[in-house]
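Here is how the chains run, residue by residue.
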Amino acid sequence: MVLREFVRSLFDGLSVLVLLLMGQGSGRQERSKKLELATSETMQAEADVQSDKEEAEETKTRDERLRLVFGMADLKNKAIGLYNIGQTCCLNSLLQVFLMNTHFTGTLRRITVPPSASQKRRSVPYQMLLLLEEMQCGKRKAVCPRALACCLTEHRVKLFVQYDAAQLLLTLWNLVNKQMTNPELIEKLRDLYTICVQECMLCQECSSETKRNSNMITLPLSMLDSGCHLLKTLEECLQYFFSPELLTGPNMCFCEHCGKKTPFLQSMKLVHLPQTLILHLKRFCLRKSASIHKLCHYLPFPQDLDFSAVLTEEQCQADASEKASWQYELFAVVVHSGSTDCGHYCAYIQSLTERKWYCFDDSEVCQVLWDDVKCTYGHSDLHWGQTAYLLVYMKKNS
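Residues numbered from 1 in each chain as written. Predicted model: local features only at pLDDT ≥ 70, side-chain atom pairs only at ≥ 80, totals over all residues. Heavy atoms only, no water.

Colleague: Kindly report on the overall build of the protein, identifying the contributing residues and their values.
Modeller: Secondary structure summary: the protein contains 12 helices and 18 strands in total. When burial is assessed residue by residue, the protein has 41% of its 398 residues classed as buried. Considering only contacts in the protein between residues 6 or more positions apart, those separated by 24 or more positions represent 67%. Element-wise, carbon and sulfur atoms account for 55% of the exposed surface of the protein, whose accessible area totals about 22,000 Å². (Helix = DSSP H or I, 4+ residues; strand = E, 2+ residues; numbered from the N terminus. Buried < 20%, exposed > 50% of the residue type's maximum accessible area, 1.4 Å probe, protein only. Contact = heavy atoms within 4.5 Å. Areas by Shrake-Rupley, 256 points an atom, 1.4 Å probe, with all protein chains shown as cover.)

Colleague: Give a detailed account of the packing of helix 2 (residues 89–99) against helix 5 (residues 124–137), specifying residues and quantitative values.
Modeller: Packing of helix 2 against helix 5 leaves a shortest axis separation of 11 Å and a crossing angle of 80°. By the angle class used here, helix 2 and helix 5 are roughly perpendicular. Across from Leu95, Gln96, Phe98 and Leu99 in helix 2, the residues of helix 5 making contact are Met128, Leu131, Leu132 and Met135. Among the residues forming the contact of helix 2 with helix 5, the class breakdown is seven nonpolar, one polar and no charged. (Axes fitted to C-alpha atoms, helices over the stretch in contact; angles between N-to-C directions. Parallel < 35°, antiparallel > 145°, perpendicular 65-115°, else oblique. Nonpolar A, V, L, I, M, F, W, Y, C, P; charged D, E, K, R; others polar.)

Colleague: Give a detailed account of the nonpolar core, specifying residues and quantitative values.
Modeller: Residues Phe104, Met128 and Tyr193 are the most contacted members of the largest nonpolar core, which totals 55 residues. Discounting residues that sit within four places of it in the chain, Tyr193 has contacts with Phe98, Asn101, Phe104, Trp173, Met216, Ile217, Pro274, Thr276 and Ile278. Within the second largest apolar cluster, 43 residues are counted, among which are Leu273, Phe307, Val335 and Tyr393. (Core = buried A, V, L, I, M, F, W, Y, C linked by side-chain atoms within 4.5 Å.)

Colleague: An account of the packing of aromatic side chains is requested, with residue identities and associated values reported.
Modeller: Using the criterion set out here, one finds 12 aromatic pairs in the structure. Between Phe307 and Tyr328 the ring centres are 6.1 Å apart and the planes differ by 70°, which places this aromatic pair in the edge-to-face class. Of the two residues, Phe307 sits in helix 10 (residues 307–310) while Tyr328 sits in strand 14 (residues 327–338), which places them 21 residues apart along the sequence. Judged by its relative accessible area of 0%, Tyr328 is buried. Ring-pair connections join several aromatic residues into one group, and the members of that group are Tyr298, Phe301, Trp357, Trp370 and Tyr377. (Phe/Tyr/Trp six-rings, centres within 6.5 Å; stacked < 30°, edge-to-face > 60°.)

Colleague: Describe helix 8 (residues 183–193), listing the residues and the values that go with them.
Modeller: Listed in full, the buried residues belonging to helix 8 are Leu185, Ile186, Leu189, Leu192 and Tyr193. Buried residues of helix 8, viewed axially, fall in a sector of 125°; they line one side. Residues of helix 8 that are buried make contact with helix 2, helix 3 (102–108), helix 7 (165–179), strand 3 (195–203), strand 4 (209–216) and strand 10 (276–282). One side-chain oxygen of the residue at the start of helix 8 lies 2.9 Å from the amide nitrogen of Glu184, identifying that residue as Asn182. (Arc of directions from axis to C-beta. Polar contact = N/O pair within 3.5 Å; in protein donor to acceptor, adjacent residues only side chain to side chain.)

Geometric descriptors of this kind do not, in isolation, establish any biological role.
Next comes the structure, spelled out in structure tokens:
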């Protein structure tokens, strides 16, 4: 009897133990499900963090690629200067204007590398590309353009002399255009800078008319009208350039129909404007004594320029779609200070990616404001002060 009760109690104890063990197993299963859920959430969170890191790295890589394509002033928010190696302030200013133009550098990066060392040494586009790479990759505040300067001397561009910025600009552009071998890049370069105008000549005796289209890199704008009166705004200079002019006296032209020199009415009509528009303010003019005189008078220029609003219908030879693209924003100002005999050049340029204005004065580069740029409007009493000489405008829709 006692043995039977002992066995029964032992059995009951084992049953309770089994139930307890089953309950513990159920608890482990429940905790396991919670643990799996927590692990899943943690893994998802880590995956999201990793995805964000990869996206950030991708964005960083893309930005670095864009910096390589865009101008050198956007590398680490630091603009790079050029050392003056002997009266090269004019060359340095123009190089900065070219190399800060992202549309130009995009074309420059696609040139064919010359095969031989001698061809590389004589190639102006290639030497400009090497200079751009050095300016982007270097950690110095300025780099030396000696290799490019030596390259220019092989094409009869002298060093250690004072240059007119408009003439040197044309020389540089012609060398780059001539030495590019890819027809597609040549076309892109011409589309980037070439202005097309139509010249009309009307004989005042027989009314015969001749028309021809001409291409130019800059619009040479007189700052004086035919009566030697000062023009007061950039818009007035543009209107005067496209106004008809009567050629009489010593300026008469030969008429094939009349068989003699006759008075002609000469007029210019605007046909096409490029993506990068360069306006040349003709501040240097001849006096009656045949000496060169610099015009330093005040002439304001706008940040935004709408050609279709400045010129009349008679001054344009373009369709509506062409005129719709004539919306421009100021990109750079090449500035001259000093006299005709002894002067200095620098450039104010707006970074196309940062939208900040910089002053490039040889090796010295600093960020400036629009009010600083406006100081280049000129002043008749400050002949040694800074005066705008070349205005570079960029199409807004580009």
